[in-house]
Amino acid sequence: MIKLRKTPVLIALAGALALGACATATPYQPAGVNGQRGGYAEQRLEANRYAVSFSGNSVTSRDQVEMSLLLRSAELTVENGYDWFATVTRATDRDTRFYTTPDPFYYDRYGPFWGPSWRFYQRGYWSTWDPYWGRDRDIRQVDRYEATAEIVMGRGPKPAGDVNAFDAREVINNLGPRVIRPVS
């Protein structure tokens, strides 16, 4: 009898832990570490040219994704013995998805499935209009961001007047403390 009471509590605890793990932003780390979907990745194109990307999960802000991309670009620059990098191309993509789930607390006096609706013919097909659609559903918008850049690295002082050129060490000093690091 005691075993039956502990089982639902353990299941609820496991579910809460799983949800809690999903509710943290993607940390600054290589993509695919610990089974995580997001993180940074790079591909060497030439001796001084890389394609760099950082993708976040649904709770990683656009700012965090873009800062992580610039930080990884700066780290690659220093690791390869260069002083500055310039972005040749840079883009941030947003993947938006909508999820609907039935509201478990929805109830009206006619039940969850009854309500007025009308069918009408418009632009070659039949449509339905329901003034009550959506009130028995929770609709969530989930955004995920991925930033990509192609960078070129150089030695010496960064090119004056080039707004796409960055001093790698300054970027590391300024953005390094602001990114979300993995929990040890």
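Residues numbered from 1 in each chain as written. Predicted model: local features only at pLDDT ≥ 70, side-chain atom pairs only at ≥ 80, totals over all residues. Heavy atoms only, no water.

Remarks on helix α2 (residues 62–79)
Part 1 of the reasoning: The terminal C-alpha atoms of α2 lie 26 Å apart, and with 18 residues this matches the ideal 26 Å at 1.5 Å per residue to within 8%.
Part 2 of the reasoning: Looking one or two residues beyond α2, the residue adopting positive phi is G81, at roughly 85°. (Helix = DSSP H or I, 4+ residues; strand = E, 2+ residues; numbered from the N terminus. Expected span 1.5 Å × (residues − 1).)

Concerning the side chain of T77
Part 1 of the reasoning: By the element assignment, T77 lies in helix α2.
Part 2 of the reasoning: Apart from the residues within four sequence positions on either side, T77 is in contact with Y82, D83, W84, F85, I151, M153 and A168. (Contact = heavy atoms within 4.5 Å.)

As for the packing of aromatic side chains
Part 1 of the reasoning: Using the criterion set out here, one finds 3 aromatic pairs in the structure.
Part 2 of the reasoning: Where Y28 meets Y40, the ring centres are 4.9 Å apart and the plane angle is 40°; that geometry is what we call tilted. Of this pair, Y28 sits in the loop between α1 (2–22) and β1 (39–46) while Y40 sits in strand β1, and the two are 12 residues apart along the sequence.
Part 3 of the reasoning: On the accessibility criterion, Y28 (5% relative accessible area) is buried.
Part 4 of the reasoning: Between F85 and F166 the ring centres are 5.2 Å apart and the planes differ by 20°, which places this aromatic pair in the stacked class. With a gap of 81 residues between them, F85 in strand β3 (residues 84–102) and F166 in strand β7 (residues 165–167) connect regions that are remote in the sequence. There is no split in this pair, since F85 and F166 are both buried.
Part 5 of the reasoning: In textbook terms, an aromatic cluster arises when at least three aromatic residues are bridged by ring pairs, as seen for Y28, Y40 and F54. (Phe/Tyr/Trp six-rings, centres within 6.5 Å; stacked < 30°, edge-to-face > 60°. Buried < 20%, exposed > 50% of the residue type's maximum accessible area, 1.4 Å probe, protein only.)

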